[in-house]
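Structural features, examined
Here is how the chains run, residue by residue.
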Amino acid sequence: MKKKKCLSQILVASLIMSMALTGCGGARQAESSAAPAAESAASVASAPAASGAAGFAADSTIGVALPWLGTQNWKEADEMFRTQLAAAGFKAIVQHADNKVPQQQQQIESMIQNGAKVIVVGPVDGSQLGSVLEEAKAANITVIGYDRLIENTTGIDGVVQFGSVKTGELQGQALLDGLAAKKGKGPYNIELFGGGPADPNAPNFFKGAMTVLQPKIDDGTLVVVSGQKDFTQCATLDWDNSKAQARMDSLLSGFYSKKEIDGVLSPNDGIARAIITASEQAGQKIPVVSGLDAENESVEWIWSGKQYSTVAKPTDLLVGKTIEIIKSLQAGSGMPAPTTKVNNGKTDVGVYELAPLVVTKENAKEVFAKDAGRLALLK
Amino acid sequence: MERPLILQMQGITKLFPGVRALDDVTLEVRQGDIHAICGENGAGKSTLMNVLSGVYPHGSYEGKIIYMGNEIAFRDIKESERAGIAIIHQELTMIPELSITENIFLGNETVNHGLIDWDTERRRTAELLERVGLTIDPGTLIKHLGVGQQQLVEIAKALSKNVRLLILDEPTSALNETDSANLFELMRGLKSRDITCIMISHKLNEIAEIADAVTVIRDGRTVENFHVKEGQIDEDCIIRAMVGRSIENRYPSHESNPGEVIFEVSDWRVEDPDIPGRLICKDSNFFVRAGEIVGFAGLMGAGRTELMRSIFGRNYGIYLGGSIKIKGKEIRVASVSSAIRQGIAYVPEDRKNLGLNLIDTIRITTVSANLKAILRGRLLDLDKEFQVAEQQRSSLNVKTNSVNSGVSTLSGGNQQKVVLGKWMFTEPEVLILDEPTRGIDVGAKYEIYRLIQKLADQGKAVIIVSSELPELLGISDRIYTVFEGSITGVLNRQEANQEKLMRMMTNTSKLDSNSERTEMLYEIS
Amino acid sequence: MRYLKKVLGGGLRQYSMVIALVALTLIFNITSGGRMITSSNFQNLISGNAYVLVLAIGMLMVIVIGQIDLSVGSVAGFSGMVMALAARDLGWPWWLAVLLSLAIGAAAGAWQGFWLSRFGIPGFITTLGGMMIFRGGVIWISKSISVPAPTELKVFGSGYLPEWGPAFTGMNNSTLLLGILAIAAFAFTQLRRRKRSAALTGKTEELWPVVVRIILVAVVIGYITWIFGTGRTGTSFPIPGLILVVLVIIYNTITQRTRFGRHVYAVGGNKTSAALSGVNVQKTYFLTMLNMSLLAALAGIMFVGRSTAAGPSDGTGWEMDAIASVFIGGAAVSGGVGTITATMVGGLVMAVLNSGLMLMGVGADRTQVIKGFVLLAAVAFDVFNKQQGRASIIGRLFPAKEGKPQEANPASSDS
């Protein structure tokens, strides 16, 4: 009986509360519902870059939606955004979506709810955020793509990323250099790996690399023994290392039982390590493998000579550039001029490109001169 | 030469809540005998054996057990096994996916340095199998064995534990003639090795064939002890002992007015779904008149239920042949729903597992076999449902405060009334009731008999399947007897008595001739 | 206390999960600084979870028949992808692509139902197979790349009802109309039920509790209507929410008021007894599995509409969300028990939990942990109640199946 009474009190209390909320919520809603309506009408007309022209308070909320924390670069980004946004006086909401699209959609919605002025999005799938980002646009929020292009929506104001085609070119060139340095004279037996197809950067990496590699394949210097040269054949779903390793295993057992593999194009470090591990297990000499992201473990592997190269896309540069844009928006100076523009299927998006760096054992100390964490690995 | 007593059970009394299952039972078994225990279903035979084997631990019953000269007090079945008592249940308990060796040594593995010593186990299994007369590979999986062979393996398992006293609970109920003969042969062999057997059985012909002594139990009491060697077993004597109670005034008097034959089953043949080749209905023929209550008597496992369920939309078994006529018209019933549509209703024997969905309320149960009757358009008319349930509740006198209560809250008798109501709502021509009063108290039984009679008075054909002979004698107009899938005879109420029925149910020699049986059938029709 | 009971038309226990839902919403509203109970968040809550709730409708029926469907996420992803591809590569109009997608869903369900009903292969196995088949299929046909969907579909995933009529109402008039309709429908059914039960039982229920009940529910619906209706101009009660409400009404009627619905419960409660009552168990299995995949296809379409593109990993893990909703809603693992409306409450509890934790800035990792505990607690609570020999609390949330009043779900009660 006592329990029941307690329950009934809760119920009554909740009813009263909901009535009270009806009252006070009413006033708030009434004024706020009129204002954005006018504004949103205005924002449709104005260019996206100009939407934040009025600036906003220095302690405003900034949302950062990251795809997951499964690789080092995202983990670093997560920490850097937290500390640097806080240092700049903003209130930061940094969330990751466990690589699930619906989760990220809801997180972005909750950032809109939380009154974020700018939302930085590292998308799980660059083309599946359309309606959510349009909601953000309607709420007058500036959306900045981080590291990956966001496609298929008008609700995007700019993208900060390393030039992805350029990155690919660097990877391809590093592979060629490595083969020449380590494997004597050609022809070389190589295999190609691509990144996650849902990430719009992945095909670009591949494209960039192939601009360097294709002429050498055509003139016979490079031989893709498996014959798998299309991006869709080489792609690694969800950038999943284990899938790459499985593919490498089957390539080695299927095509290299009597041959030696000399080099592998790898789109990132995790996949590079998977490839190297598979090769070791198959009893092959370690091939020349490219990489990306300069993850700690790969930096060590490069230092010890297991992995030939990686491409550093220093997360601090990316985060720094993003925060620079946010500060510019806060000050009311709008989006800075982009490096270039690309079409995302719906609209032209300003791209702020940063230049990546190739890292090999030779130049590692110079590249990481300022990065104490990675420098410590070079022993 | 008087052999020594191996077992004396004295004054065994076992109480279950509300029931005195065993009442001062005495049993004396001599070493090396084959001792038969017989009695009606529910007389207390299995309870007695469970007391003996320690399933009911010492202290949960009263009385004294003296085994091989010592008073014993088993706390569980393990202790009785250690003392050399093994019980082989009616349902075999071996694991089908394991081999004979693994089953025989299950829980009793021969271990050498923590590993199973397969060689020893296999060698010993082969020896044991030889002793029970089986010549098969000890590595054979149990599921590949026939029932008879499985039973022999069970016995081999008992022998592996150095059994002195072997209890067999209705050992031949699942066996064919050859297997039964093998089993008896083995039992005689065991006897020559001085191993005592207690066999629970209804089958008088078997008892006559093999038993050295017989104890009859009825209503939880020892009624009679016979010794075969002191004169031939008198089957009449056993039958009288098994049933020997007068039919009290527990049945409402009723005057039936049977009309035309409205339900007729001819040459009904059905195969057992689990054992290919075994027929569970062997060319059965029977009929029921309008307004007539017809009983089906038979011991458990005789195939009564299987017959009824196969008629009810081929719900059981594999249909091989035969026809059903209702009101002279042959009907095809390939599914339960078509059987219901054509006017057959079947109230299953196991109320809780087959008759009811215990999650449901009374009102949902009441309409569940005839939802069509409460449709309005395509939707169920819940008001009508309520009305129907209310109406059935009051006419059947179901004791509950609301038709919205769950059926699980009702007593057995009231549950059965709800089930009856459910089937009456399908407005059947033929109502088959399988054990309609099992587990129901005397008062509720009386009400259910009245209901059954009322249905007959409405001109319905009613079939009652029951293991209780007094019940059948008390309420049916005519009684068929079933033995091993065959209808062995039919008796009018006036000429029937328990002894005659029991003889037909157990297929004893005196009523075996075919001519006599057919003669009886004609006589009545 | 006694009066309250009269108003609610039964024990308070029946409403424990609804109370939990309300309490959770209020608590989150406080902890998130008033960001929980806002127009836009409620709209998000509905559009962001409608597809899971649509799945949960089908899953409830599957679980009631004593089976489980692990393939719903994959089927949703697959049929969504087929739709997007048909529209983009074959140039089909969007509605034809939608119909194709639904047909694919139905075919997938028929496939799984066939193995279950014809060969008795447990649903767990057939749908585990389906999960792999259709997940592989979606990756295969999409070549692992997201495919943009026809823009018209956005309406199904995140669209809003039109604005019309006078401005003085201060809110979206479509939403207002829906609210008024819901209140009217509730009042009508309540009054009619009172009249009917008087005619049936001869006992007239007092009028005042009915009136109080109607007023209370009207206030609640009115408040919810007001929240949904007063968002940004151009927003309203979301269209995916409307689709959901319509489905809930339809399926509540199917499960509670049709022969098929009765058969579903009968088969789940006691298969043998159902077969002996003339229920075609195989057919019931088949149709329930078919229906599940059909709804999965619909959920896939709604999600693609919201995402504006179909992706290769769409639907991953959705089956678990749907299953969790059903069990939080008090369905029994052994089958036979559960209602659509209670399942919806279960799903909303999960949704509110998700949304509230996100608003508080709790990460996906910890959210997952908390949701896991809530699921366990809800089911343990239910099991505990049953073991005490009392009737299950959560299962009796909405006693519609037992023929008692259904007032707790105004929008979907029969009319």
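Treat the numbers as computed from the prediction; the structure is a model and nothing was measured.

Right, let's talk about the overall build of chain B for a bit. Scanning chain B for helices and strands turns up 18 helices and 24 strands. The C-alpha radius of gyration computed for chain B amounts to 25 Å, which stays within 12% of the reference 24 Å derived for 525 residues, consistent with globular compactness. Each principal axis of the C-alpha distribution contributes one length, and for chain B these read about 75 × 55 × 45 Å. Out of the 525 residues belonging to chain B, those deemed buried represent 48%.

If you tally the helices and strands in chain C, you get 16 helices and two strands. With 415 residues in all, chain C has 59% of them scored as buried.

Our next topic: the packing of helix H8 (residues 241-255) of chain A against helix H9 (residues 269-281) of chain A. A pair of packed helices can be characterised by two numbers: the angle between their axes and the separation between those axes. Residues and elements named next belong to chain A. One can describe the packing of H8 onto H9 by two numbers: an axis separation of 8 Å at closest approach and a directional angle of 35°. Like other packed secondary-structure pairs, H8 and H9 cross with a definite hand, here right-handed. When H8 is examined against H9, the residues Asn241, Ala244, Gln245, Met248, Asp249 and Leu252 are found in contact with a partner set consisting of Gly270, Ile271, Ala274, Ile275, Thr277, Ala278 and Ser279. Among the residues forming the contact of H8 with H9, the class breakdown is seven nonpolar, five polar and one charged.

A word on the environment of Met242(B). All names here are of chain B. Here Met242 shows up in helix H8 (residues 235-243). Exposure remark for Met242: the 24 C-beta atoms within 10 Å place this residue in the buried category. Sequence separation between Met242 and Gly39 is 203 residues; the distance between their C-alpha atoms is 5.2 Å. Beyond its immediate sequence surroundings of up to four residues, Met242 is in contact with Cys38, Gly39, Glu40, Val216, Arg218 and Met502.

This brings us to the domain arrangement of chain B. All names here are of chain B. Partitioning chain B into domains gives domain 1 (5-243), domain 2 (249-343 + 430-447 + 458-525) and domain 3 (351-427). On a C-alpha basis, the centroid separation for the pair domain 2 and domain 3 is 27 Å. Facing the eight residues of domain 2 at the interface are seven residues of domain 3. Of the residues in the side of domain 2 that touches domain 3, the class split is five nonpolar, one polar and two charged.

Let us now look at the interface of chain C and chain B. The partner chain B presents 26 residues to the 23 residues of chain C that form the contact. Only helix H8 (173-201), helix H10 (239-257), helix H11 (259-269) and helix H12 (271-276) of chain C provide two or more residues apiece to the side of chain C that touches chain B. For the side of chain C that touches chain B, the element with the highest residue contribution is H12(C), accounting for five residues. When grouped by side-chain class, the residues that make up the side of chain C that touches chain B number six nonpolar, 11 polar and six charged.

Attention now goes to the sheet that holds strand S13 (residues 261-271) of chain B. Residues and elements named next belong to chain B. Taken in spatial order, the four strands make up an open sheet running S14-S13-S16-S17, and their pairing is antiparallel. If you trace the sheet from one side to the other, it starts and ends with strand S14 (279-289) and strand S17 (329-331), each paired once. Sheet twist, expressed as the mean angle between neighbouring strand axes with direction ignored, is 15°. As judged from the seven bridges shared by S13 and S14, these two strands associate in the antiparallel manner. Bridged to Phe263 within S14 is Val288. Along the sheet face, helix H9 (residues 304-311) touches S13, S14 and strand S16 (318-326) and points at about 70° away from the line of S14.

Within the largest apolar cluster, 264 residues are counted, with the highest numbers of intra-cluster contacts made by Val462(B), Val54(C), Leu55(C) and Met59(C). Here this core gets 17 residues from one element, more than from any other, and that element is helix H3 (residues 39-64) of chain C. In this structure Val54(C) touches Leu244(C), Leu247(C), Leu295(C), Leu298(C), Ala299(C) and Met302(C), once residues within four positions along its chain are discounted.

A few words on the domain arrangement of chain C. All names here are of chain C. By the assigned domains, chain C splits into domain 1 (37-159 + 239-412) and domain 2 (165-237). Computed over C-alpha atoms, the centres of domain 1 and domain 2 are 27 Å apart. Of the residues lining the interface, 11 residues belong to domain 1; the matching set on domain 2 comes to 15 residues. Broken down by secondary-structure element, the contributors of at least two residues to the side of domain 1 that touches domain 2 are H3 and H10. Considering every element that reaches the side of domain 1 that touches domain 2, the biggest residue donor is H3, with four residues.

Attention shifts here to the packing of helix H3 (residues 101-113) of chain A against helix H15 (residues 340-359) of chain C. Where H3(A) contacts H15(C), the two axes come as close as 9 Å, and the packing angle between them is 55°. Judged by the inter-axis angle, H3(A) sits oblique to H15(C). As H3(A) packs across H15(C), the resulting crossing turns out to be right-handed. Two secondary-structure elements touch here, H3(A) through Gln106(A), Gln107(A), Ser110(A) and Gln113(A) and H15(C) through Asn354(C), Ser355(C), Met358(C) and Leu359(C). Split by residue class, the contact of H3(A) with H15(C) holds two nonpolar, six polar and no charged.

With that settled, consider the environment of Ser173(B). Residue and element names in this part refer to chain B. Position of Ser173 relative to the elements: it lies in the loop between strand S9 (165-169) and helix H6 (177-192). Sequence spacing of Ser173 and Gly421 is 248 residues, and the spatial spacing of their C-alpha atoms is 35 Å. If sequence neighbours within four positions are ignored, Ser173 has contacts with Gln90 and Gly301.

All right, on to the sheet that holds strand S12 (residues 221-227) of chain B then. Residue and element names in this part refer to chain B. Sheet architecture is open: six strands sit in the order S6-S9-S10-S3-S11-S12, paired in mixed fashion. Each having just a single partner strand, strand S6 (85-88) and S12 make up the two edges of the open sheet. Pairwise comparison of adjacent strand axes, ignoring direction, gives a mean angle of 20° for this sheet. Here helix H5 (residues 147-160) sits on the sheet and contacts S6 and S9; the angle it forms with S6, its principal contact strand, is near 165°.

Cut-offs applied
Residues numbered from 1 in each chain as written. Chains lettered and ligands numbered in written order. Predicted model: local features only at pLDDT ≥ 70, side-chain atom pairs only at ≥ 80, totals over all residues. Helix = DSSP H or I, 4+ residues; strand = E, 2+ residues; numbered from the N terminus. Rg over C-alpha atoms; globule rule 2.2 N^0.38 Å. Buried ≥ 20, exposed ≤ 12 C-beta atoms within 10 Å, placed from the backbone. Axes fitted to C-alpha atoms, helices over the stretch in contact; angles between N-to-C directions. Left-handed = near helix turned anticlockwise from the far one by under 90°. Contact = placed C-beta atoms within 7 Å. Nonpolar A, V, L, I, M, F, W, Y, C, P; charged D, E, K, R; others polar. Domains from an automatic or database assignment. Pairing = 2+ DSSP bridges. Core = buried A, V, L, I, M, F, W, Y, C linked by C-beta atoms within 7 Å. Parallel < 35°, antiparallel > 145°, perpendicular 65-115°, else oblique.

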